[in-house]
Amino acid sequence: MKSGTVHVIGAGLAGLAAAVRLGQAGREVIVYEAAGQAGGRCRSYFDETLGCRIDNGNHLLVSGNTAAMAYVAEIGAAATFEATDRAEYNFVDLEKDERWSVRPTEGRVPWWLFLPHRRVAGTAFFDYFDAMRLMQAPATATIAQTVNTGRAIYRRLWAPLAVAALNTDADLASARLMGALFADTFGRGGAALHPIFPKEGLSESLVAPAIAAIHAKGGEVRFAQRLRGLRCDGDRVAALDFGRGEVAVGEGETVLLAVTAPVAQDLVPELSAPNAFSAIVNAHFRVDDLPGPTYNFLGLIGGTADWIFLKPGIISTTTSAADRLLDRDPEELATAIWRDVNRAYGFGHPPPPAWRIVREKRATFAATPDQLRRRPGPRTRWRNLMLAGDWTDTGWPATIEGAIRSGFVAAGAALK
Ligand SMILES: Cc1cc2nc3c(=O)[nH]c(=O)nc-3n(C[C@H](O)[C@H](O)[C@H](O)COP(=O)(O)OP(=O)(O)OC[C@H]3O[C@@H](n4cnc5c(N)ncnc54)[C@H](O)[C@@H]3O)c2cc1C
């Protein structure tokens, strides 16, 4: 093994992003992944019930996700995405039977806020000053403590955005994190908000090309390699234990731990890391004769699902902050969600077609003020041990963008 080798533990997007960057910088990289495939919480697989490949969950990227877009460019995967040419977010309020589109104007000056037909229905220009309140909120404040929960903008923008982007209900979610996210997305204008969809699947767009890029630079990705322990010697990690003898970590070599928060804390008990999590439930319906456009999505207010995504052959829904759904009978859940889909699109498929419910109990950490305080930076007290993962202190919620940012930051730290 060459000196300067970086041992990346975990082939989720954080680990892959770090490995790609390090490979490009000329470092020898070995990625060790516990599972038989890469991608972690962002992956595609063949589902036997549906008889087709599906993503573990719907993932929305937007043009202004700067780290994610840089990663896509670095792994040469831009052509695997379907990009839209405008920022348009369609919603239906199932309780009030009302529909609207949020259509931010392209530039940074938010002219759209002056135009009622581009804003959230039922909201006024001055309602959007909430964004400033969120950005300036104390670190301990939740969204519900910061904005007026009696106004339409709360039910139709802040609460759904908290659930969608922070995977946390607005009465628990950090106001400041929401403010920062809003500034970094809506605050940069519509040009930063064009939705982008993987044409085939998450793995084809974000995972397989990354592995190819790592290989192209001489790196390795080893599967079925679960790290069971780290042996430290003074201020450095000296060996990795995969259960079949130790892998020595030489002087000048680095370990970049890009596993989930609970695993990181098991491996390094003194680490501070988020320890409360929030579920996401996805429902997938096989619909071969999908009417209307492919690659489309719709926000639901007042439904069991929060979002409906149309893809070729599949209708998928997402319900975030979904702990309340974990114990529900899957058949009953699929029926309730399919009812939402029918009401939203008027498709007229009374019994649900072939369906699959996917529940991710610990989909992301809960973005509460308390949990945010537990997020560590990329460095540890061991000089050759770096951390990455959507749960580290990226300034972003647990998202693709956050995971990739963390990987880039940890790679930068390893290169120093
Ligand atoms: C259902 C669902 C829907 C989502 N929707 C969105 C969305 O719309 N938009 C968005 O931006 N984000 C979304 N997310 C969040 C996004 O998927 C995650 O933030 C991101 O994938 C996390 O990447 P990561 O690399 O930090 O962690 P992970 O993907 O969890 O990667 C960690 C990796 O480490 C491996 N590992 C664990 N233990 C060990 C060990 N001991 N040794 C070796 N390897 C180990 C794991 O197998 C895994 O591959 C969603 C997540 C879920 C679950």
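Here we summarise the structure given alongside this text. Each chain carries its own residue numbering, running from 1 in the direction its sequence is written. Residues qualify for local features only when their pLDDT is at least 70, as the model is predicted, and side-chain atom pairs are given and counted only at 80 or more; totals for whole chains, interfaces and linings, by contrast, use all residues. Only hydrogens and water are set aside; all other atoms, that is, all heavy atoms of the structure, feed into the side-chain values.

Points about the environment of Arg244
No. 1: Mapping Arg244 onto the fold places it in the loop between strand E12 (236–241) and strand E13 (246–248).
No. 2: A relative accessible area of 62% places Arg244 in the exposed class.
No. 3: In the structure, Arg244 is positioned 16 residues away from Arg228 in sequence and 9.9 Å away in space, judged by C-alpha atoms.
No. 4: Two residues qualify as a contact provided that any one of their heavy atoms is within 4.5 Å of a heavy atom in the partner residue. The residues touching Arg244, leaving out its near neighbours within four places in the chain, are Ala224 and Gln225. Here a helix means four or more residues in a row that DSSP labels H or I, a strand means two or more in a row labelled E, and each is numbered from the N terminus. Relative accessibility decides the category of a residue: with a 1.4 Å probe and only protein chains considered, values under 20% of the type maximum give buried, values over 50% give exposed, and everything between is partly exposed.

Examining helix H6 (residues 175–184)
For an α-helix the count is 3.6 residues per turn, leaving residues at separations of three or four pointing the same way.
No. 1: All of the buried residues along H6 are Ala175, Leu177, Met178, Gly179, Leu181 and Phe182.
No. 2: Against helix H3 (130–135), helix H4 (143–146), helix H5 (152–166) and helix H10 (369–372) lie the buried residues of H6.

Some words on the pattern of salt bridges
No. 1: Whenever Lys or Arg places a side-chain nitrogen within 4 Å of a carboxyl oxygen from Asp or Glu, that contact is recorded as a salt bridge. If you walk through the whole model with that rule in mind, you get 25 salt bridges.
No. 2: Salt-bridge contacts for Arg53 lead to Glu204; the nearest nitrogen and oxygen are separated by 2.8 Å. Of this pair, Arg53 sits in strand E4 (residues 52–55) while Glu204 sits in helix H7 (residues 202–216); the two residues are 151 residues apart in sequence, bridging distant segments of the chain.
No. 3: Residue Asp370 pairs with Arg373 through a salt bridge whose shortest N-O separation is 2.4 Å.
No. 4: Judged by relative accessible area, which is 52%, Arg373 ranks as exposed.
No. 5: One salt-bridge network, held together by shared partners, links Asp93, Glu95, Glu98, Arg155 and Arg156.

Brief notes about a nonpolar patch on the surface
No. 1: Each patch is assembled from residues with relative accessible area greater than 30% and no salt bridge, linking like charges that lie within 9 Å and nonpolar side chains (Val, Leu, Ile, Met, Phe, Trp, Tyr) that lie within 5 Å. Using the Shrake-Rupley algorithm and a 1.4 Å probe, accessible areas are obtained, with residue cover drawn only from the displayed protein chains. On the surface, Val109, Trp111, Phe114, Leu115, Phe125, Phe126, Phe129, Met132 and Met135 cluster together to form a nonpolar patch covering roughly 870 Å² of accessible area.
No. 2: Checked against the element boundaries, Phe129 lands in the loop between strand E8 (98–102) and H3.
No. 3: Note on Phe129: relative accessible area 41%, which makes it partly exposed.

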